[in-house]
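Observations on the model geometry
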Number of protein chains: 2
Amino acid sequence: MNSTNDPTLESFVDVDSQSHFPIQNLPYGLANPGDGDSFLCSAIGDYVVNLAALEAAGHFDGPHLEGAEVFQEQTLNKFMGLGRDAWTEARQTISRLLSADEATLRDDDSLRSKVLIPMDEVEMQLPVDIGDYTDFYSSEQHATNVGSMFRDPENALKPNWKHLPVGYHGRASSVVISGTDLHRPQGQILPPDSDDTPIFSACKLCDFELEMGFLTGPGNDVGSPIPIDEADEHIFGLTLVNDWSARDIQKWEYQPLGPFLAKNWATTVSPWIVTLDALEPFRISGPEQDPEPLPYLDTDENWTFDINLDVFLQGKDMDEAHKICASNAKNLYWNVAQQLAHQTITGCNIRPGDLYASGTISGPEKSSYGSMLELSWKGTDPIEFPNGDERTFLEDGDEVTMTGYAETDGYTIGFGEVSGKILPAKELDV
Amino acid sequence: MNSTNDPTLESFVDVDSQSHFPIQNLPYGLANPGDGDSFLCSAIGDYVVNLAALEAAGHFDGPHLEGAEVFQEQTLNKFMGLGRDAWTEARQTISRLLSADEATLRDDDSLRSKVLIPMDEVEMQLPVDIGDYTDFYSSEQHATNVGSMFRDPENALKPNWKHLPVGYHGRASSVVISGTDLHRPQGQILPPDSDDTPIFSACKLCDFELEMGFLTGPGNDVGSPIPIDEADEHIFGLTLVNDWSARDIQKWEYQPLGPFLAKNWATTVSPWIVTLDALEPFRISGPEQDPEPLPYLDTDENWTFDINLDVFLQGKDMDEAHKICASNAKNLYWNVAQQLAHQTITGCNIRPGDLYASGTISGPEKSSYGSMLELSWKGTDPIEFPNGDERTFLEDGDEVTMTGYAETDGYTIGFGEVSGKILPAKELDV
């Protein structure tokens, strides 16, 4: 156990026992105060921690960060590119400065007023310049559900599924931050009475996908795969991802080269990146893998995370958000180290700030299915809400909110939330 | 006809009649002189034109470029983001400064020695920070060939193919510049005697794909599609693309989400981006499209380009490179404006520097097929070379070179070439 994860560690800042942001978390984000420049930050209780101000005051003075000026940036990419030693040093510094028995920040009113900003006074922004975005398909239950609905329940998984983490490249430009509302996408769909003549229409089968993502730090050269046992040198941290999906657009477009417009209209991420260091206590052994993966995908390390994942939906006629899914990141067959090793095995290079999402994380129970497609079983079994509303797919005005949190004795490590509302389709001049 | 395209226009720099770089071309690139900083440049005859030096000397003094400092950058992204008026102004300025009857550069030995650098003294580098990379599948002959080989000759095209430009997101990080040699990729392939148990192996079916790509300038906001009739405000220019492909890796991995590792080990682009302005004389009407595209894909403008495309192969036992394919960019069913309109129709945003490749450009004759897969018809019909060598797919030591050029009365507009050699698979510690 790293000292920064010590459950008895306390901050001089009051932290509610239910807070996502105890001193053991220390995630990274980018905050916009409204009346000044955005700044890279961490979080403690109800405050963001201005890392640019701490750096400017000379408090990142260890061997890996002194003079590096990484927190004066408007993205985390430069910091992420420094690698694990710098990440650990930053975490230790922030942890020390926020701890109850360290006077530096606690007793300096002037510095404290610059560094600790109430969270409700800032707007969080996308903290990373995402170079490339990959979306995997790593939950066995999800792949089985989809294969059963659209293909054959007896052969729901394609022959390759248990041999490699199936994935595809997504669109980095349209990754947006939690809180971004989105117009219902429009495009080509097949009307019910046609097999081959599409119409132009607003998407009728609008969906979310509950996912987690990891972001990378130091990259590799083209042609030099990253061995799986070096994954921890390259994985910076995890975030929540809502991979919005237009099912009807996808169904028509995806043969033979995979999902394209059905996915690229937006992908929403949570404002906070939680580091591997903070998640150390929540690493568990993964599911048994049979057949045994090829050696480049084989690892003895625990790369599965025990992180609770909930999805809430609030329609415009509902008084509150209702939980419609309770899943867990441990419901993934392929883990992040395997995904990274696979991504690079043919020689593909990665870069600091790249995003790799898990694919929809569905568990074995229906209540843990991570998309409307699965929850309503392709629209055949609507979800019922207390006000009498029913849903098969998302309607205009529906707000989807996902949260992620890991619990251990005495504290909770949270990701905050990732939310977004579906607005009506825009009138288009096309 | 724009004055910068006037066939009678001449430069004070001698330009061979076969040169790719007459004064009517003026493409953009990034040159590394070896003994100093890389600089953004254009080309004239056998020289690169140092645009950073021209800008520093105050020669970009029009309303759209004065003070913009776009050519001091190490990528073209900032310039590309300025938009068409700035692009046209830059082209007119460069054309005027290089013209035979303008003294500014012609008669200033000091300035000329800084601005005109022999092309063989510099190494060209990737001139764009590519944010996202899309690969389309827009040649009917190519899609028909592939569909015939792997599926059903009677139903070679999927039902969606003539309704939309099928495409998928590629990997931006592994786009490399011409001249980058590449190790044969390794990964999972199915051995001939198995339907479902892969082995780890070097790729045995290594291939090139002859493509062209366009790059975008000003972007749009998430949720705001780009109307097809505004495409010329967003398309900066065209480049050559070799979309290297590992066919055996692709065959095993691509179901159901499309190509992934088979493509992301490298994509090579030519050093020069040729602008829409330079290509104006080579725009022709495209193929008749039946069925008629939906309105968002419908345009009366000529967006098909008459550009000759050749592929050469030189094996390690061959004395010279041999032409194995002669195709043309006009062999595309879907044009660049349609590709751009489709890319954004669901609300996906684009950014300056994004790359959109055409997919393999195969013409109707076998000699115009743009990949080894098609030229050797899946390996059943080897290509024979004068030294007795045969090829079905690429062997170690094979160098593939593509060129592109458009000819009109009196001059040739060229892209230079895109080349790369396949090196033996690396010994991996995985």
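Being a predicted model, the structure only gives us computed values, none of them experimental.

1. A short note on the overall build of chain A
If you tally the helices and strands in chain A, you get 11 helices and 26 strands. Relative to a compact globule of 430 residues, whose C-alpha radius of gyration would be 22 Å, chain A shows 22 Å and is just as compact. In terms of overall dimensions, chain A has C-alpha extents of about 70 × 50 × 45 Å along its principal axes. Scored against the burial criterion, the 430 residues of chain A give a buried share of 62%. Once local pairs closer than 6 in sequence are excluded, the contacts in chain A between residues at least 24 apart make up 71%.

2. Structural notes on the sheet that holds strand β9 (residues 182-183) of chain B
Residues and elements named next belong to chain B. Read across the open sheet, the five strands follow the order β9-β26-β25-β20-β21; overall the sheet is mixed. This sheet does not close on itself; its edge strands, each paired only once, are β9 and β21 (322-328). Relative to strand β26 (residues 411-423), strand β25 (residues 399-408) runs antiparallel, the two being bridged by nine bridges. The residue bridging Tyr-405 from the neighbouring strand is Gly-414, located in β26.

3. Notes on the environment of Ile249(A)
Residue and element names in this part refer to chain A. Tracing the chain through its elements places Ile-249 in helix α7 (residues 247-253). Note on Ile-249: relative accessible area 2%, which makes it buried. Once the C-alpha coordinates of Ile-249 and Pro-185 are considered, the two residues, 64 residues apart in sequence, prove to be 9.2 Å apart.

4. Quick look at helix α6 (residues 140-150) of chain B
Inspection of α6(B) places His142(B), Ala143(B), Asn145(B), Val146(B), Gly147(B), Ser148(B) and Met149(B) among the buried residues, and these make up the whole buried set. Its buried side turned inward, α6(B) meets α11 (372-375) of chain B.

5. Some remarks on the side chain of Arg283(B)
Residues and elements named next belong to chain B. With respect to the helices and strands, Arg-283 occurs in strand β18 (residues 283-284). Taking relative accessible area as the criterion, Arg-283 reaches 16% and is therefore assigned buried. A polar contact of 2.8 Å, which involves the side chain of Arg-283, links it to the backbone oxygen of Asn-302. With residues up to four places along the chain from it excluded, the contact list for Arg-283 reads Leu-276, Glu-301, Asn-302, Trp-303, Thr-304 and Phe-305.

6. A word on the domain arrangement of chain A
Residues and elements named next belong to chain A. What the domain assignment reports for chain A is domain 1 (3-125) and domain 2 (133-423). In this structure, domain 1 and domain 2 have C-alpha centres spaced 29 Å apart. Contacts between the two partners involve 30 residues from domain 1 and, on the opposite side, 31 residues from domain 2. Across the domain 1 to domain 2 interface the summed buried area is about 2300 Å²; carbon plus sulfur atoms make up 64%.

7. Examining the interface of chain A and chain B
With 68 residues of chain A at the contact, the number on the chain B side is 68 residues. A combined buried area of about 6000 Å² lies between chain A and chain B, and 62% of that area is made up of carbon and sulfur atoms. On the chain A side of the interface with chain B, the three residues burying the most area are Arg171(A), Leu257(A) and Phe260(A), jointly 14% of the side's total. Taken together, the connections running from chain A to chain B amount to four salt bridges. Two residues, Asp354(A) and Arg171(B), come together in a salt bridge whose shortest N-O distance is 2.8 Å. The interface formed by chain A and chain B includes 36 residue pairs in polar contact (both at pLDDT 80 or more).

8. Observations regarding the side chain of Asn77(A)
All names here are of chain A. Along the chain, the position of Asn-77 falls in helix α2 (residues 77-82). The class of Asn-77 is buried, set by a relative accessible area of 15%. One polar contact links Asn-77 to Thr-75, side chain to side chain, over a distance of 3.1 Å. With residues up to four places along the chain from it excluded, the contact list for Asn-77 reads Val-128, Asp-129, Pro-352 and Gly-353.

9. Some details on the environment of Arg84(B)
All names here are of chain B. You can see Arg-84 is positioned in helix α3 (residues 84-98). Classification of Arg-84 by relative accessible area gives buried; the value is 14%. The spatial distance from the C-alpha of Arg-84 to the C-alpha of Ile-235 is 8.7 Å, given a sequence separation of 151 residues. One polar contact links the side chain of Arg-84 to the main-chain carbonyl oxygen of Asp-232, over a distance of 2.6 Å. Within the structure, the side chain of Arg-84 is placed 3.1 Å from the backbone oxygen of Ile-235, a separation counted as a polar contact.

10. Details of the UniProt feature "binding site: Mg(2+)" (unreviewed entry) in chain A
Residue and element names in this part refer to chain A. According to UniProt, the "binding site: Mg(2+)" (unreviewed entry) feature falls on Asp-243, Lys-263 and Thr-267. These annotated residues cover 25 residues of sequence, and their C-alpha atoms all fall within 7.5 Å of one another, placing them together at a single site. Given a relative accessible area of 8%, Lys-263 falls into the buried group. Ignoring anything within four residues of it in the chain, the contact list for Lys-263 reads Tyr-168, Glu-209, Asp-243, Trp-244, Ser-245, Arg-247 and Gln-250.

11. Considerations on the packing of aromatic side chains
In total, this model carries 32 aromatic pairs over all chains according to the counting rule given. Each ring, one from Phe214(A) and one from Tyr356(A), has its centre 4.7 Å from the other, and the planes form 15°; the classification is stacked. With a gap of 142 residues between them, Phe214(A) in strand β13 (residues 210-216) and Tyr356(A) in strand β22 (residues 355-357) connect regions that are remote in the sequence. Its relative accessible area of 0% is what places Tyr356(A) among the buried residues. When the centroid spacing of 4.9 Å and the interplanar angle of 50° are considered together, the rings of Phe60(B) and Phe71(B) count as tilted. Placement of the pair is Phe60(B) in the loop between α1 (51-56) and α2 (77-82) and Phe71(B) in the loop between α1 and α2, with a sequence separation of 11 residues. Phe71(B) matches Phe60(B) in its accessibility class, with the two residues each being buried. If you follow Arg283(A) out to its NZ or CZ, it ends over the ring of Trp303(A), 4.0 Å from the centre.

12. A word on the relation of the copies chain A and chain B
Note on the identical chains: chain A maps onto chain B by a rotation of 180° and an axial translation of 0.0 Å, with an RMSD of 0.0 Å. The symmetry that links the two subunits is that of a two-fold axis. Proximity to the rotation axis, assessed at the C-alpha, singles out Gly258(A) in chain A; its C-alpha lies 2.1 Å from the axis. With an isologous cut-off of 70% or more, the 100% of interface residues of chain A that recur at the interface of chain B puts this contact in the isologous class.

13. A short note on the pairing of strand β21 (residues 322-328) of chain A
Along any regular strand, the residues point their side chains to alternate faces of the sheet. All names here are of chain A. With five of seven residues buried, β21 lies mostly within the body of the structure. Where strand β20 (residues 308-314) meets β21, six bridges bridge the pair, whose relative direction is antiparallel. Within β21, the residue paired with Val-311 across the bridge is Cys-325.

14. Considering the nonpolar core
Nonpolar side chains in soluble globular proteins tend to be buried together. Ranked by size, the top nonpolar core spans 156 residues in total, and within it Phe208(A), Ile307(A), Phe208(B) and Ile307(B) carry the most contacts. Those residues in contact with Ile307(A) that lie beyond four places of it in its chain are Met212(A), Leu238(A), Leu279(A), Ser327(A), Asn328(A), Ala329(A), Gly404(A), Tyr405(A), Ala406(A) and Phe415(A).

15. With respect to the sheet that holds β21(A)
Here five strands make up an open sheet; going across it, the order is β9-β26-β25-β20-β21 (chain A) and the pairing mixed. Each of the sheet's edge strands pairs with one partner strand only, and the pair in question is β9 (182-183) and β21 of chain A.

16. A closer look at unusual backbone geometry
Residue and element names in this part refer to chain A. Of note, the bond from Gln-255 into Pro-256 is cis; its omega dihedral lies within 30 degrees of zero at 0°. Examined against the element boundaries, Pro-256 turns out to sit in the loop between α7 and α8 (261-264). In this model, Leu-26 sits at a positive phi of 55°, which is unusual for a non-glycine residue. Its place among the elements puts Leu-26 in the segment before β1 (29-32).

17. A few points about the pattern of salt bridges
Residue and element names in this part refer to chain A. One pass over the full model with this rule turns up 42 salt bridges over all chains. Among the salt bridges present, the one from Glu-140 reaches Lys-162, with a minimum N-O distance of 3.0 Å. One end of the pair, Glu-140, is in helix α6 (residues 140-150); the other, Lys-162, is in the loop between α6 and β7 (167-169), and 22 residues separate them in sequence. The exposure class of Glu-140 is partly exposed, given its relative accessible area of 29%. Classification of Lys-162 as partly exposed rests on a relative accessible area of 22%. Each of the salt bridges in this network shares a partner with another, and the network as a whole consists of Asp-207, Glu-209, Asp-243, Arg-247 and Lys-263.

About the thresholds
- Residues numbered from 1 in each chain as written.
- Chains lettered and ligands numbered in written order.
- Predicted model: local features only at pLDDT ≥ 70, side-chain atom pairs only at ≥ 80, totals over all residues.
- Heavy atoms only, no water.
- Helix = DSSP H or I, 4+ residues; strand = E, 2+ residues; numbered from the N terminus.
- Rg over C-alpha atoms; globule rule 2.2 N^0.38 Å.
- Buried < 20%, exposed > 50% of the residue type's maximum accessible area, 1.4 Å probe, protein only.
- Contact = heavy atoms within 4.5 Å.
- Pairing = 2+ DSSP bridges.
- Polar contact = N/O pair within 3.5 Å; in protein donor to acceptor, adjacent residues only side chain to side chain.
- Domains from an automatic or database assignment.
- Buried area = accessible area lost by both parts, 1.4 Å probe.
- Salt bridge = Lys/Arg side-chain N within 4 Å of Asp/Glu carboxyl O.
- UniProt positions renumbered as here; feature names shortened; annotations may be inferred.
- Phe/Tyr/Trp six-rings, centres within 6.5 Å; stacked < 30°, edge-to-face > 60°.
- Lys NZ or Arg CZ within 6 Å of the ring centre and 35° of its normal.
- Least-squares fit on C-alpha atoms with pLDDT ≥ 70 in both.
- Core = buried A, V, L, I, M, F, W, Y, C linked by side-chain atoms within 4.5 Å.

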